[in-house]
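Okay, here's what each chain looks like letter by letter:
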Amino acid sequence: MIADVAELPRNEVLAEQLDLLADLMELEGADGFRIGAYRRAAARIRETPSSVAQLALDGKAKQLQGIGKTIEGKIVEVVQDGEMHALTKRKASVPAEVAVFMRLPGLGPKTARRIWQELGITTVVGLRAAAEAQELRGHAGIGAGTEEKIVAALAQPQATEGPRRALLGTTLPKLRAVVEVLREHPASVEVSLAGSARRMRETVRDLDIIATATDPPALVDYFCSLRWVVDVAAKGPTKATVVSHDGSRFDLRVVPPESYGNLLQHFTGSKNHNVALREDAVRRGYSVSEYSVTEVETGEEHHFAREEDVYRFLGYEWIPPELREDGGELAAARSGTLPKLVELADLRGDLHTHTTWSDGKDTLEDMVGAAQLRGYAYYAICDHSQRLRGDLLQRQSEAIDALNELVAPFRILKGIEVNIRPDGTLDVDDADLETRDWVVASTHSRFDHNPTERILSAMDSPYVDCIGHPTGRKIGKRPPSPIDLERVIEKALETGTFIEVNSQPDRLDLSDVHARAAREAGLKVVIDSDGHQTGALGYVELGVGQARRAWLTKDDVLNTRTWKQIEKLRKRR
Ligand code: DGT
Ligand code: CA
Ligand code: CA
Ligand code: ZN
């Protein structure tokens, strides 16, 4: 029998299992080729927009690049038997926490394996004790320096967490997969994400889930026994904290249904929002706790099953989670003046994307197909200028013309992403720029060299429509270049240039704070994916999240309009 699509394991779940299999094989010392193959398959599955489990059942998963017969077979096992047998076998032979060792600073799979096999250490607690007693140095190829790093890393309360704050874009799919799995459990009633991920913060520390259940301990047990859990850091009858094999920490709280609204409100935060809400409540004679709102005078307690009712009772409109940062949202919600925030479905097209004509991973045809599936009306191909020298730009235009005939009325725009050189000039001449429907200009080198002046000078070009990733930051890797945002916004308004919110998970550039400044100055922004593969077009959800955190409405975002309207709004060429 073919299972219903809704019951099939999600792509993220399949990818996690293949990654865990690769981790465990690496720890066992298996050969590198198969490990690499599993990791590549996991990456491919994450990028695939349709259900890979369904494709595998239909015998079509092998058509995906990087997935062969063997891996397709493993996916079918997950669907039909509820487990991947090779993974079950390895989980029985490799102690679960050893997978955590290999993520500690200075340790890779080889050393992790030697710690386990040569020293017989199989738990994080055991590793910490050995490192503190200086029993590791001189063994398993570990020197004093590495041992000290292990001590330092494990001394932190969240030692096994991996990088301190993970990117929202990589975490959100996992969190949603967990929420989905918990919803399927018979004891669960309501399950919601909470915390910083619900607020769409660009990075998150730990992942918060709130649930109600007919049998709370059963749901907590189930949560702790999920396949990818390598460590249960804390567990009680109504809550637990677990660590996944990739180091993410998940907090689950199961709460009484009658207080679900109170608790969801509390655990969504932010802390600053909650503090301000409570202070405001105190002034009005109420005391707000995780579980209830109490009238101070009478001592009467109010519990709310719905979050909307917590806000309403306290005299506010319901506040979208993205706004809950104590940035004026409480006052606006009290006076009924919250903005109507832009939504993902408002976007009518993507104005910054790549193909295999430059460094994209998917072809023009595939990218356009994926854009059509998203329901867009227009779509700009903005391949990198340095990859379109000679007659290539002209040849790409011809390819776009030909495809446009087939997809009309869908409109493929001939865009380009040009480089802003260190001296502020563009690396494409005006005659070529004139042939483009949409020009994105970006800094890709020497980020600290006159970043503001270079952007201002690019905006002077009559052909530049939009500035790409204005600060050039890579979250956790490269700091934003110190641009003078005020001058950039002013010049954008003066020249009729737009600025993007680049939705790549590690860019989100403009950031929420910068986008809010743009809005306050009256500048419209473009939310685009900068997608280099079909699976990346969905990143605009993250850009929309930042835009909502920046209080942006539909009107503040240029590409909520038709292409015709955009042509009227942009600078004259
Ligand atoms: P994160 O995990 O650092 O990315 O950020 P959050 O916001 O998810 O923070 P987390 O997980 O520590 O706590 C979840 C929510 O619980 C937080 O947003 C608000 C609430 N909360 C936590 N600690 C406090 C507190 O000390 N006071 C108040 N009023 N609320 C708190
Ligand atoms: Ca959190
Ligand atoms: Ca938490
Ligand atoms: Zn790009």
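Heads up: the structure comes first, above all this text.
Predicted model, so just to flag it, every value in this text is computed and none were measured. (Residues numbered from 1 in each chain as written. Chains lettered and ligands numbered in written order. Predicted model: local features only at pLDDT ≥ 70, side-chain atom pairs only at ≥ 80, totals over all residues. Heavy atoms only, no water.)

The subject of this paragraph is a negative patch on the surface. Taken together, the side chains of Asp-429, Asp-430, Asp-432 and Glu-434 define an acidic patch exposed on the protein surface. Residue position: Asp-430 is located in helix 19 (residues 430-433). Classification of Asp-430 as partly exposed rests on a relative accessible area of 42%. (Patch = residues over 30% accessible without salt bridge, like charges linked within 9 Å, V, L, I, M, F, W, Y side chains within 5 Å. Areas by Shrake-Rupley, 256 points an atom, 1.4 Å probe, with all protein chains shown as cover. Salt bridge = Lys/Arg side-chain N within 4 Å of Asp/Glu carboxyl O. Lys, Arg positive; Asp, Glu negative; His and termini not counted. Charge placed at Lys NZ, Arg CZ, Asp CG, Glu CD. Helix = DSSP H or I, 4+ residues; strand = E, 2+ residues; numbered from the N terminus. Buried < 20%, exposed > 50% of the residue type's maximum accessible area, 1.4 Å probe, protein only.)

Our focus in this paragraph is the coordination of the zinc ion (ligand 4). For the zinc ion (ligand 4), the full set of protein donor atoms is His-352 (NE2), His-354 (NE2), Glu-417 (OE) and Asp-530 (OD), at a range of 2.1 to 2.2 Å. Viewed at the metal, the four donor atoms of the zinc ion (ligand 4) are separated by angles of 82 to 169°, and the geometry they form is irregular. All donors to the zinc ion (ligand 4) come from one chain, and their sequence spacing reads H-x1-H-x62-E-x112-D. Taken together, the residues His-352 in strand 11 (residues 349-353) and Asp-530 in the loop between strand 17 (525-528) and helix 23 (540-549) connect sequence positions 178 residues apart. Overall, His-352 belongs to the buried group, its relative accessible area being 0%. With relative accessibility at 4%, the residue Asp-530 sits in the buried group. (Donors = N, O, S within 2.8 Å, 3.2 Å for Na, K, Ca; no water. Tetrahedral: all angles 85-135°; square planar, octahedral: opposite > 155°, others 65-115°.)

With that out of the way, let us pick up the pairing of strand 5 (residues 229-235). Relative to strand 6 (residues 239-244), strand 5 runs antiparallel, the two being bridged by five bridges. Within strand 6, the residue paired with Lys-235 across the bridge is Ala-240. In this structure, the hairpin formed by strand 5 and strand 6 is closed by a connection of three residues. (Pairing = 2+ DSSP bridges.)

Turning to the site of ligand 1, a few remarks are in order. Around ligand 1, the structure places 16 residues, and the nearest of them are Arg-165, Ser-196, Arg-199, Arg-205 and Asp-206. Arg-205 has a polar side-chain atom sitting 2.8 Å from an oxygen atom of ligand 1. Going through the elements one at a time, helix 11 (195-198), helix 13 (260-268) and helix 14 (271-283) are the ones with two or more residues in the shell around ligand 1. By residue class, the composition of the shell around ligand 1 is two nonpolar, seven polar and seven charged. Of the domains in this structure, domain 3 (166-254) and domain 4 (265-335) are the two that each give at least three residues to the shell around ligand 1. (Near = heavy atom within 4 Å. Polar contact = N/O pair within 3.5 Å; in protein donor to acceptor, adjacent residues only side chain to side chain. Nonpolar A, V, L, I, M, F, W, Y, C, P; charged D, E, K, R; others polar. Domains from an automatic or database assignment.)

The next thing to look at is the coordination of the calcium ion (ligand 2). Taken together, Asp-206 (O), Asp-206 (OD) and Asp-208 (OD) make up the protein donors of the calcium ion (ligand 2), found 2.2 to 2.6 Å from the metal. Angles of 70 to 165° at the metal separate the six donor atoms of the calcium ion (ligand 2), which places the site in the irregular class. Separation of the calcium ion (ligand 2) from the calcium ion (ligand 3) amounts to 3.8 Å, with Asp-206 serving as a shared donor to the pair. Here Asp-208 falls in the buried class, since its relative accessible area comes to 14%.

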